[in-house]
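Notes for the structure review
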Amino acid sequence: KKRDWRTNEQAEAERIREAIKELNPLIHEAVSAIRIVSGPGRPQALDLEQKVKLLLIKQLLGKSNREFAYLLDVFSLFSGIEVSYKTIERLYSDELVMMALHNLHVLLLKKKGIKQSDASGDGTGYSLTIKKNYESYAKELKEKAKENREESGEKEQKGEKKASFAYSFRLMDLSTKMYVAWGSSMKSEKDAFEKAIQLLKATDVELKSVRLDKYYSESAYMDYFDKETKIYVIPKNSTLNGSQK
């Protein structure tokens, strides 16, 4: 059957419209839970609710900071608010914005009724240069780690990783396809994994089961989960030693 592009585009536009309509009251609720005490200095052009909306819209459009700032320049004719690309960049390090997004995440999980989760998790690295591919680099790094466990060697590898990659780990609920937790790190994939587990515990979502790849089959990772959680891993070999979990 021939695809009707016009119908698909209309359905996608309607989906985004409905999502934004539902997000507005949730963003307001997430921000309202934060009490802000004003200090000295020049008042900011944007309030917290506007900042959160700006960051979410930018992610939705998939534009760079500069491109998004140029778009806002056009819409400033209607809104009267002028925003530079530096303002967009600062959103990523604004602690109040991070707090509001955390609140929004918890509210969305509650709205979807996710109290228990059968989840799947995976980590990856994002190259900060165009010269290295994460998959081949991670394989090479793990082979080196097997050959040489000396402290000086490990320090050197950590320094190289920090300069080359940013890391993330995500846990996704299989029934709703929503992320229940995630973590990011400039240090290691394991550090990103630990931050994701910390976030999961802060959301009051019980992990019924989790599926992980072979890089998480080491016994040290098993101890991060409650004993009631069923853990499915792809084994590195036919013999699994270590934790009874």
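Residues numbered from 1 in each chain as written. Predicted model: local features only at pLDDT ≥ 70, side-chain atom pairs only at ≥ 80, totals over all residues. Heavy atoms only, no water.

Overview of the overall build of the chain
- Check the secondary structure of the chain and you find nine helices and five strands.
- Along the chain, helices and strands appear, N-terminal first, in the series α-α-α-α-α-β-α-α-β-β-α-β-α-β.
- Sequence separation of 24 or more characterises 57% of the internal contacts of the chain that already satisfy a separation of 6 or more.
- By element, 52% of the accessible surface of the chain is carried by carbon and sulfur atoms, the whole surface being about 17,200 Å². (Helix = DSSP H or I, 4+ residues; strand = E, 2+ residues; numbered from the N terminus. Contact = heavy atoms within 4.5 Å. Areas by Shrake-Rupley, 256 points an atom, 1.4 Å probe, with all protein chains shown as cover.)

A look at the sheet that holds strand β4 (residues 206-212)
- Spatially, the five strands line up as an open sheet ordered β3-β2-β1-β4-β5, and their pairing is mixed. Each having just a single partner strand, β3 (179-185) and β5 (230-233) make up the two edges of the open sheet. If you compare each strand with its neighbour and ignore which way they point, the axes differ by 20 degrees on average.
- Examined bridge by bridge, strand β2 (residues 165-173) and β3 share six bridges and lie antiparallel to one another. When the bridges of β3 are listed, F169 appears paired with G183.
- This element, helix α8 (residues 189-202), spans β1 (116-127), β2, β3 and β4 of the sheet and lies at about 140 degrees to β3. (Pairing = 2+ DSSP bridges. Axes fitted to C-alpha atoms, helices over the stretch in contact; angles between N-to-C directions.)

Some thoughts on the pattern of salt bridges
- The full count for this structure, using the stated rule, is nine salt bridges.
- Between E49 and K53 there is a salt bridge, and its shortest N-O distance comes to 3.6 Å. In this pair, E49 and K53 both sit in helix α2 (residues 48-61), four residues apart, roughly one turn of the helix.
- In this structure, K86 and E89 form a salt bridge, with 3.6 Å as the shortest nitrogen-oxygen distance. (Salt bridge = Lys/Arg side-chain N within 4 Å of Asp/Glu carboxyl O.)

Observations regarding the nonpolar core
- Ranked by size, the top nonpolar core spans 24 residues in total, and within it F169, L171, F193, L200 and F225 carry the most contacts.
- When residues of this core are traced back to their parent elements, those giving at least two are β2, β3, α8, β4 and α9 (219-222).
- Among the elements that line this core, the one with the most residues is α8, at six residues.
- Not counting the four nearest positions on each side in its chain, L171 is found in contact with A119, S120, G121, M178, Y179, V180, A181, I197, L200 and V210.
- Ranked by size, the runner-up nonpolar core spans 19 residues in total, among them V31, L55, A100 and L104. (Core = buried A, V, L, I, M, F, W, Y, C linked by side-chain atoms within 4.5 Å. Buried < 20%, exposed > 50% of the residue type's maximum accessible area, 1.4 Å probe, protein only.)

Details of the packing of aromatic side chains
- Within the structure shown, the criterion is met by nine aromatic pairs.
- Between the aromatic rings of F193 and Y224, the centroid separation amounts to 5.2 Å while the plane-to-plane angle is 90 degrees, which identifies the pairing as edge-to-face. With F193 in helix α8 and Y224 in the loop between α9 and β5, the pair connects residues that are 31 residues apart, well separated along the chain.
- When its relative accessible area of 23% is taken as the criterion, Y224 is described as partly exposed. (Phe/Tyr/Trp six-rings, centres within 6.5 Å; stacked < 30°, edge-to-face > 60°.)

Side note on helix α5 (residues 95-111)
- Across its 17 residues, α5 extends 24 Å between first and last C-alpha, which sits within 8% of the 24 Å expected from 1.5 Å per residue.
- The complete set of buried residues in α5 reads V97, A100, L104, H105, V106, L107 and L109.
- Capping of α5 at its N-terminal end is provided by D94; its side-chain oxygen lies 2.9 Å from the backbone amide nitrogen of L96.
- Two residues or fewer after α5 comes G113, characterised by a positive phi angle close to 70 degrees. (Expected span 1.5 Å × (residues − 1). Polar contact = N/O pair within 3.5 Å; in protein donor to acceptor, adjacent residues only side chain to side chain.)

A few points about a nonpolar patch on the surface
- On the surface, I57, L61, L71, V74 and F75 cluster together into a nonpolar patch covering about 440 Å² of accessible area.
- Listed by contribution, the elements that provide at least two residues to the nonpolar patch are α2 and α3 (65-79).
- Per-element accounting of the nonpolar patch gives the leading share, three residues, to α3.
- Turning to its location among the elements, L71 is positioned in helix α3. (Patch = residues over 30% accessible without salt bridge, like charges linked within 9 Å, V, L, I, M, F, W, Y side chains within 5 Å.)

Considerations on the packing of α2 against α5
- Between α2 and α5, the least distance of the axes is 10 Å, while the angle of their chain directions is 75 degrees. Overall, the two elements α2 and α5 adopt an arrangement that is roughly perpendicular. Only L96, V97, M98, A100, L101 and L104 of α5 make contact with α2, whose side of the interface consists of L48, K51, V52, L55 and L56.
- Taken together, the residues of the contact of α2 with α5 sort by class into ten nonpolar, no polar and one charged. (Parallel < 35°, antiparallel > 145°, perpendicular 65-115°, else oblique. Nonpolar A, V, L, I, M, F, W, Y, C, P; charged D, E, K, R; others polar.)

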